[in-house]
Amino acid sequence: MSIFAVSSDVVNPLMPQGFDILFSSMFVFVLLVNLAALVLVVTALVSISRHRHMLVGTELALWVAITVIGTGLGAIAWFAIGRRKARDNSPEEALPVRD
């Protein structure tokens, strides 16, 4: 057997087993957070595309850039600030009439 062979039964004596479990669970946590951020960005981009008739070309490009570059925070900013501002600045005939 080679000294470079890796076996699943090998235990690092310098690292307690609890740390191994902690790092494994942190990997899953980070993966879930990144997946949630991706879903949030895609949702924000869909929302921006639905409100594109209410935004001027420069505003539209700026919000897309902020959402993509700022990842989670950019998407949250769109939902907190941008969508409301787009609705407030739109002409009345662009808004659907609700009974």
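Quick note: structure is the one above.
The structure contained in this document is the topic of the report that follows. (Residues numbered from 1 in each chain as written. Predicted model: local features only at pLDDT ≥ 70, side-chain atom pairs only at ≥ 80, totals over all residues. Heavy atoms only, no water.)

1. Here we look at the side chain of Thr67
The line we're drawing: Comment: elements are numbered from the N terminus, with helices defined as DSSP H or I runs of at least four residues and strands as E runs of at least two. Per-residue accessibility, obtained with a 1.4 Å probe over protein chains only, is compared with the maximum for each type, and a residue is labelled buried under 20%, exposed over 50%, and partly exposed between these values. Two N or O atoms count as a polar contact when they lie within 3.5 Å, although within protein this holds only if one can serve as hydrogen donor and the other as acceptor, and sequence-adjacent residues are included solely when both atoms are side-chain atoms. Note on contacts: a residue pair is in contact if any heavy atoms of the two residues lie within 4.5 Å.
Its location among the elements puts Thr67 in helix 2 (residues 57-69). Given a relative accessible area of 0%, Thr67 falls into the buried group. Polar side-chain contacts of Thr67 include one of 2.7 Å to the backbone oxygen of Trp63. Each residue touching Thr67, except ones within four places of it in the same chain, is listed here: Val41, Ala44, Leu45, Ile48, Gly74, Ala75 and Trp78.

2. Some words on the packing of aromatic side chains
What characterises a pair of aromatic rings is the spacing of the ring centres plus the angle enclosed by the ring planes. Here is the rule: When the centres of two rings from Phe, Tyr and Trp lie within 6.5 Å, Trp using its six-membered ring, the rings pair. Their planes under 30 degrees apart give stacked, over 60 give edge-to-face, and anything left gives tilted.
Inspection of every chain in the model, using the stated rule, returns one aromatic pair. Pairing Trp63 with Trp78 gives two aromatic rings, centres 5.4 Å apart and planes at 70°, and the pair type is edge-to-face. Here Trp78 lies in helix 3 (residues 71-89) and Trp63 lies in helix 2, a separation of 15 residues in the sequence. Across this residue pair, the class does not change: Trp63 and Trp78 are buried.

3. Re the nonpolar core
Note the following rule: The criterion is simple. A nonpolar core is a set of buried Ala, Val, Leu, Ile, Met, Phe, Trp, Tyr and Cys residues joined through side-chain atoms within 4.5 Å.
Counting residues in hydrophobic clusters, the biggest one holds nine residues: Val41, Ala44, Ile48, Met54, Leu55, Trp63, Ala75, Trp78 and Ala86. Breaking this core down by element, the ones donating at least two residues are helix 1 (17-50) and helix 3.

4. Quick word on helix 1
What counts is decided by this rule: Multiply 1.5 Å by the residue count of a helix minus one, and that product is the helix's expected span.
Between its terminal C-alpha atoms helix 1 stretches 50 Å, which fits the 50 Å expected from 34 residues at 1.5 Å a residue. Of the residues making up helix 1, those classed as buried are Ala37, Val41, Ala44, Ser47 and Ile48.

5. Let's talk about a nonpolar patch on the surface
Defined as follows: Patch membership requires over 30% relative accessible area and the absence of a salt bridge. Like charges are linked within 9 Å, and nonpolar side chains (Val, Leu, Ile, Met, Phe, Trp, Tyr) within 5 Å. Surface accessibility follows the Shrake-Rupley procedure with a 1.4 Å probe radius. Residue values consider only the protein chains on display as shielding. Criterion for a salt bridge: a side-chain nitrogen of Lys or Arg within 4 Å of a carboxyl oxygen of Asp or Glu.
Where nonpolar side chains cluster on the molecular surface, the patch consists of Phe27, Val28, Leu31, Leu32, Leu35, Leu38, Val39, Val42 and Val46 and spans about 850 Å² of accessible area. As for its position among the elements, Val46 is in helix 1. Assessed through its relative accessible area of 38%, Val46 is described here as partly exposed.

6. Details of the side chain of Ser47
One can find Ser47 in helix 1. By relative accessible area, which is 9% here, Ser47 ends up buried. Beyond its immediate sequence surroundings of up to four residues, Ser47 is in contact with Trp78, Phe79 and Arg83.

7. Regarding unusual backbone geometry
Look at Thr71: it is not a glycine, yet its phi comes out positive at around 45°. By relative accessible area, which is 36% here, Thr71 ends up partly exposed.

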